[in-house]
Amino acid sequence: MKRYLIFVAVGPALGGFALLLVTTYLSGYWTNTDAGEVAKLFKVFVTSLQYSYLFGFLPALMMCAIDDILFHVRRIPPGLRMLIVGGIAFVLAGFNYASHGSEYGALQWILYGLVGFIPATVSSWLVHRFVEEPLPAAVAEPPAA
């Protein structure tokens, strides 16, 4: 249960901030930047945080379910599990966001993929670091008949 709470608490906020950074970068917002522009960016982030949770709740739960499934595979170490969850989130976010808009290229696909990779990987790391869960028990062989 703690695993799901961490993913839902951390994932949408990180994903929303990453999405805001990517969209502002691709729109050319960072060409003339001063302290006032950075303050506006954080103001937009705070005001849009509720929507990040509204639309990021289910994707965070899906990534957590994948992380939970991979946790129960004994042969997958935690570092590899984090990379697999992040890679799946990267591909899903890349396909979800990058195909929209007038430009479609490798840079746009990679940046939007990072919108999924960063929150999924950080959430998986936080779960590994702070949630004390017992390792899955080995499955006993059924007795031969």
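Residues numbered from 1 in each chain as written. Predicted model: local features only at pLDDT ≥ 70, side-chain atom pairs only at ≥ 80, totals over all residues. Heavy atoms only, no water.

Engineer: What am I meant to see in the side chain of Ser52 here?
Structural biologist: Considering the arrangement of structural elements, one finds Ser52 in helix 2 (residues 35-71). Leave out the neighbours within four places in its chain, and Ser52 touches Pro12, Gly16 and Phe57. (Helix = DSSP H or I, 4+ residues; strand = E, 2+ residues; numbered from the N terminus. Contact = heavy atoms within 4.5 Å.)

Engineer: Mind showing me how you'd approach helix 1 (residues 2-26) here?
Structural biologist: The α-helix winds at 3.6 residues per turn, so residues separated by three or four positions along the chain end up facing the same way. Between its first and last C-alpha, helix 1 extends 36 Å over 25 residues, near the 36 Å set by a 1.5 Å rise per residue. At Gly11, helix 1 is bent by approximately 25 degrees, the largest bend along its length, and proline Pro12 sits one to four residues beyond. Just beyond helix 1, the residue with positive phi is Gly28, at close to 85 degrees. (Expected span 1.5 Å × (residues − 1). Bend = angle between axes of the 7 residues up to and from the residue.)

Engineer: Please explain the pattern of salt bridges as it appears in this structure.
Structural biologist: As a working rule, side chains carrying opposite charge can pair if their charged atoms are close by. Tallying each qualifying case throughout the model produces 4 salt bridges. Measuring nitrogen to oxygen at the nearest pair gives 3.5 Å for the salt bridge that ties Asp68 to Arg3. You can see Asp68 sitting in helix 2 and its partner Arg3 sitting in helix 1, a full 65 residues away along the chain. In this structure, Asp67 and Arg81 form a salt bridge, with 3.1 Å as the shortest nitrogen-oxygen distance. Note that Asp67 is positioned in helix 2 and Arg81 in helix 3 (residues 78-97), a separation of 14 residues in sequence. (Salt bridge = Lys/Arg side-chain N within 4 Å of Asp/Glu carboxyl O.)

Engineer: Would you mind showing me how to read a nonpolar patch on the surface here?
Structural biologist: Together, Ile110, Leu114, Ile118 and Val122 give the surface a local cluster of nonpolar side chains, amounting to about 270 Å² of exposed area. Locating Ile118 in the fold gives a position in helix 4 (residues 106-130). (Patch = residues over 30% accessible without salt bridge, like charges linked within 9 Å, V, L, I, M, F, W, Y side chains within 5 Å. Areas by Shrake-Rupley, 256 points an atom, 1.4 Å probe, with all protein chains shown as cover.)

Engineer: It is not clear to me how the nonpolar core should be interpreted in this structure. Could you clarify?
Structural biologist: One recurring pattern in soluble globular proteins: nonpolar side chains tend to sit buried together. Counting 12 residues, the largest nonpolar core consists of Ile6, Phe7, Met63, Cys64, Leu70, Ile76, Val85, Ala89, Ala120, Leu126, Val127 and Val131. Breaking this core down by element, the ones donating at least two residues are helix 1, helix 2, helix 3 and helix 4. Among residues more than four places away in sequence, those in contact with Ile6 are Gly11, Ser123, Leu126, Val127 and Val131. (Core = buried A, V, L, I, M, F, W, Y, C linked by side-chain atoms within 4.5 Å. Buried < 20%, exposed > 50% of the residue type's maximum accessible area, 1.4 Å probe, protein only.)

Engineer: In this structure, what is going on with the packing of aromatic side chains? I would like to understand it.
Structural biologist: Aromatic ring pairs are described here by two measures, namely the spacing of the ring centres and the angle between the planes. Following the criterion strictly, the structure yields 6 aromatic pairs and no others. With centroids separated by 5.7 Å and ring planes inclined at 20 degrees, the aromatic side chains of Phe17 and Phe42 adopt a geometry described as stacked. Within this pair, whereas Phe17 is found in helix 1, its partner Phe42 is found in helix 2, the two being separated by 25 residues in sequence. An angle of 80 degrees between the planes, with centres 5.6 Å apart, marks the rings of Phe95 and Trp109 as edge-to-face. Remark: Trp109 occurs in helix 4 and Phe95 occurs in helix 3; sequence separation between them is 14 residues. Owing to a relative accessible area of 55%, Phe95 belongs among the exposed residues under this scheme. An aromatic cluster is defined as three or more aromatic residues linked by ring pairs; in this entry it consists of Phe17, Phe42 and Phe45. Sitting over the ring of Phe71, Arg3 keeps its end group 4.7 Å from the ring centre. The ring centre of Phe130 lies 5.6 Å from the NZ or CZ of Arg129, which sits over that ring. (Phe/Tyr/Trp six-rings, centres within 6.5 Å; stacked < 30°, edge-to-face > 60°. Lys NZ or Arg CZ within 6 Å of the ring centre and 35° of its normal.)

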